[in-house]
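Residue strings, one per chain:
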Amino acid sequence: MSAPHLDNSLNALGLMSGTSLDGVDAAIIRTNGTTITAHGPALTLPYTAELRRRLRELLDNALGLQPDNADLKAVEHALTQVHVQAVQQLRQMAPHMPVDVIGFHGQTILHQPGRTWQIGDAAYLSHQTNLPVVHDFRSADVAAGGEGAPLVPLYHAALLHNRPAPVAVLNLGGVANLSLITRQGQIVACDTGPGNALLDDWASQHTGTPCDTDGQLAALGTVNAQVLEHLLAHPFFQQPAPKSLDRLSFHNALAHLAGLSAADGAATLVAFTVQAIARTPLPETPLEWFVCGGGRHNPTLMNALTKALPGAVYPAENLGWNGDALEAECFGFLAIRSLAGLPLSLPTTTGVPSPQTGGRLTCMGITPWRRWFQTVPTHGFSSPT
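Residues numbered from 1 in each chain as written. Predicted model: local features only at pLDDT ≥ 70, side-chain atom pairs only at ≥ 80, totals over all residues. Heavy atoms only, no water.

Caption draft 1: Quick look at the nonpolar core. Counting 41 residues, the largest nonpolar core has F272 and L305 as the members making the most contacts within it. Within the residue set of this core, elements represented by two or more residues are strand 7 (167–172), strand 8 (175–181), helix 6 (197–207), helix 7 (216–219), helix 8 (225–232), helix 9 (262–278), strand 10 (288–292) and helix 10 (299–308). At nine residues, the largest contribution of residues to this core is made by helix 9. Ranked by size, the runner-up nonpolar core spans 38 residues in total, among them A27, Y155, W321 and A328. (Core = buried A, V, L, I, M, F, W, Y, C linked by side-chain atoms within 4.5 Å. Buried < 20%, exposed > 50% of the residue type's maximum accessible area, 1.4 Å probe, protein only. Helix = DSSP H or I, 4+ residues; strand = E, 2+ residues; numbered from the N terminus.)

Shown next as structure tokens:
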């Protein structure tokens, strides 16, 4: 573990395993929790098909699971081992950026109002890497009355600090979410609806592949307008923002596609994702949308967004970002904010009554840097245990 940097920045390695269940994203950034001074390398370590299957079983049965369930603990250990491998590989790629702390999101298996559940063994990760680990980013927000999601908006705002506002970042993971920076600098955010999850499930059922590769299936289909409007009548879309979703919140939507061809069903699901975004009420209309997450690799989805959204739509790479690494970078950023006691969420991002810090620190005998804590501006920060 390296010593704190003189500019009060630390090298944070963020880990994210999202609702798409495809693997672990890992990225290193240098930050003081307010500004980002360097972006390091990033990688994605895919889950095996077997681990992905076991994780999906957990998602499907999470409501009935107890934390000490033997199958749950076995899967948790297996996915934590993948995270350990990701950390080890990334550190080998970046000897010039020795890691000070890990931001470990874990794998969400359940997210609903008043409850959020991420699995992952932070103590094992800390022990295997000999690094302090900040984890459990969402539960403090939920306990305080927030949605617990999305947590990326503060990072998006830091990245967009010099862009003309209003400007938005759109993340297309298993669930889609957006962050809007207004002309006055307010950060407004919410989950918008499905991202890739439904389309992935549809493609898996009808083609045997885990996703609609390059949007080829949807490109061959025609949107069924009647089914689309039925999907958009879901009560979620009448709820005011901020609001959030579970990966399976719209799982029953696939039943409404019965009778459609594989291509028409895929096209209708693309339109569902896009129209849910386009119909999200926003206080200001973005001049630009920067798209990150796996969905930006789908040309059919990106073309539909370009047609449906006001303003210009670009992949995140247009700003020099790595659109596959942003969420991992975010949890490195949030780890530093957690150590400094800075807010991770706001009333306008999760609905929490007041700005809320969060995260827990697991050190496994490693002594954190007390002097660094004392020199970073804090908001009621007390030394973690």
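Read on for the rest.
Caption draft 2: A look at unusual backbone geometry. The step from A149 to P150 runs through a cis peptide bond, and the omega angle for that step is -10°. As for its placement among the helices and strands, P150 is situated in the loop between helix 4 (139–143) and helix 5 (153–159). Between A241 and the following residue, P242, the backbone shows a cis peptide bond with an omega angle of 0°. Considering the arrangement of structural elements, one finds P242 in the loop between helix 8 and helix 9. Of note, the phi angle at N130 is positive, near 60°, even though the residue is not glycine. One non-glycine residue, D136, adopts positive backbone phi at about 55°. Locating D136 in the fold gives a position in the loop between strand 6 (133–135) and helix 4.

Caption draft 3: Representation of the pairing of strand 3 (residues 36–46). Note that strand 2 (residues 23–31) and strand 3 share eight bridges and pair antiparallel. Bridge assignment links T31 to a residue of strand 3, and that residue is I36. With antiparallel pairing between neighbouring strands as the criterion, strand 2 and strand 3 make up a hairpin whose turn holds four residues, including G33 at a positive phi of roughly 90°. (Pairing = 2+ DSSP bridges.)

Caption draft 4: Here's a closer look at the packing of helix 8 against helix 9. Running from N to C, helix 8 and helix 9 point in directions that differ by 45°, and their axes come no closer than 10 Å. Judged on the interaxial angle alone, helix 9 and helix 8 are oblique. Crossing angle aside, the handedness with which helix 8 passes helix 9 is right-handed. Residues V227, L228, L231 and L232 of helix 8 form the contact with helix 9, whose participating residues are T268, A271, F272, Q275 and A276. (Axes fitted to C-alpha atoms, helices over the stretch in contact; angles between N-to-C directions. Parallel < 35°, antiparallel > 145°, perpendicular 65-115°, else oblique. Left-handed = near helix turned anticlockwise from the far one by under 90°. Contact = heavy atoms within 4.5 Å.)

Caption draft 5: Quick look at the sheet that holds strand 9 (residues 187–194). Pairing within the open sheet is mixed, and its five strands lie in the order 9-8-7-10-11. Edge positions in the sheet fall to strand 9 and strand 11 (312–315), since each has one partner strand and no second. Each strand axis lies, on average, 20° off the axis of its neighbour in the sheet, ignoring direction. Bridging between strand 7 and strand 10 involves five bridges; their strand directions are parallel. Its bridge partner being in strand 10, L170 is matched across the sheet by V291.

Caption draft 6: Fine view of the environment of P347. Within the secondary structure layout, P347 lies in helix 12 (residues 347–350). Overall, P347 belongs to the partly exposed group, its relative accessible area being 32%. Remark: the alpha-carbon pair of P347 and G146, spanning 201 residues in sequence, is separated by 7.8 Å. Once you skip the residues sitting within four places of it in the chain, P347 turns out to touch P242, V352, P353, S354 and P355.

Caption draft 7: Highlighting the side chain of E284. Residue position: E284 is located in the loop between helix 9 and strand 10. We classify E284 as buried; its relative accessible area is 14%. At a separation of 3.0 Å, a polar atom in the side chain of E284 contacts the main-chain amide nitrogen of R183. Beyond its immediate stretch of four places on either side in the chain, E284 contacts P166, L180, T182, R183 and Q184. (Polar contact = N/O pair within 3.5 Å; in protein donor to acceptor, adjacent residues only side chain to side chain.)

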